[in-house]
Amino acid sequence: MTADDYAEAERPGPGEVTATVIVAAPAAKVFAALTDWSRQGEWIPFTTVRVLSGDGGEGSQIEAVTQVGPASVRDLMRVVKVDPPFELRVVHHGRVLRGPGVLRCTQLGADRTQVVWHEWFHLPAGNAGKVTWPLLWPGSKAGLTAALRRFARMVESGLFVVPPE
């Protein structure tokens, strides 16, 4: 990937999707669970996530492979900002998925956190991608929302343990 390719991936694309969930847990616990890369596959269906380089923090390269039957999509990301327990920013820079994404945690009370997952994907296939996006968007939003709801249930049931500081 050239520097120009990466710079293009950093800019928001027209394929915007947002999902939100309220988690009955403090923001620090929620954020720690969100950034546990190796466990994201437990709440994002059909997906395996691994750190390719780095420690999972800023500058790390992450790979998420989503596979349903013989079809698979490889999502490459670079972590560009980590501001615990509030914000995680990535840039998707793979062949299919490209564009910035952000996960934000907002503490609403001692044991209540709002999580917002926002992506701005570049649409593949030129004009065909622009035409099909309105058809794909509801499924994308539903998929992100379902994943966040599963995540919330896992955090609330104690399946994620916050490491000691």
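Rules used throughout
Residues numbered from 1 in each chain as written. Predicted model: local features only at pLDDT ≥ 70, side-chain atom pairs only at ≥ 80, totals over all residues. Heavy atoms only, no water. Core = buried A, V, L, I, M, F, W, Y, C linked by side-chain atoms within 4.5 Å. Buried < 20%, exposed > 50% of the residue type's maximum accessible area, 1.4 Å probe, protein only. Helix = DSSP H or I, 4+ residues; strand = E, 2+ residues; numbered from the N terminus. Contact = heavy atoms within 4.5 Å. Polar contact = N/O pair within 3.5 Å; in protein donor to acceptor, adjacent residues only side chain to side chain. Pairing = 2+ DSSP bridges. Salt bridge = Lys/Arg side-chain N within 4 Å of Asp/Glu carboxyl O.

**Remarks on the nonpolar core**
Across soluble globular proteins, nonpolar side chains show a tendency to be buried alongside one another. With 31 residues, the main nonpolar core has Val23, Val30, Trp43, Val115 and Phe151 as its most contacted residues. For this core, the secondary structure elements donating two or more residues are β1 (15–23), α2 (27–34), β3 (61–68), β4 (71–83), β5 (87–93), β6 (98–109), β7 (112–121) and α3 (126–156). Element by element, the count of residues in this core is highest for α3, at seven residues. The contacts of Val30, once residues within four sequence positions are left out, are Val23, Ala25, Cys105, Thr113, Val115, Phe151 and Val155.

**Digging into the side chain of Glu63**
The topology assignment puts Glu63 in strand β3. The class of Glu63 is buried, set by a relative accessible area of 8%. In this structure the side chain of Glu63 is engaged in a polar contact, spanning 2.6 Å, whose partner is the side chain of Arg50. Side-chain polar atoms of Glu63 contact the side chain of Arg74, separated by 2.5 Å. Beyond its immediate stretch of four places on either side in the chain, Glu63 contacts Thr48, Val49, Arg50, Leu52, Arg74, Asp75 and Leu76.

**So, the pairing of β4**
The two faces of the sheet receive side chains in turn, since in a regular strand these alternate between them. One ladder, built from eight bridges, connects β3 with β4; its direction is antiparallel. Bridging across to β4, Val65 finds its partner in Arg74. Remark: two residues form the turn of the hairpin made by β3 and β4, two consecutive strands paired antiparallel; Gly69 in that turn has positive phi of roughly 60 degrees. With six bridges connecting them, β4 and β5 associate as antiparallel partners. Opposite Lys81, over in β5, you have Arg89 as the bridge partner.

**Remarks on the pattern of salt bridges**
Considering all chains together, one arrives at seven salt bridges under this definition. Glu42 is the salt-bridge partner of Arg39, the closest N and O atoms lying 2.9 Å from each other. Between Arg104 and Glu87 there is a salt bridge, and its shortest N-O distance comes to 2.9 Å. A residue pair is termed long-range when its members are at least 10 positions apart, and Arg104 in strand β6 and Glu87 in strand β5 qualify at 17 residues. Residue classification places Arg104 among the partly exposed positions, given a relative accessible area of 29%. In this structure, a network of salt bridges that share partners links the residues Lys81, Glu87, Arg89 and Arg104.

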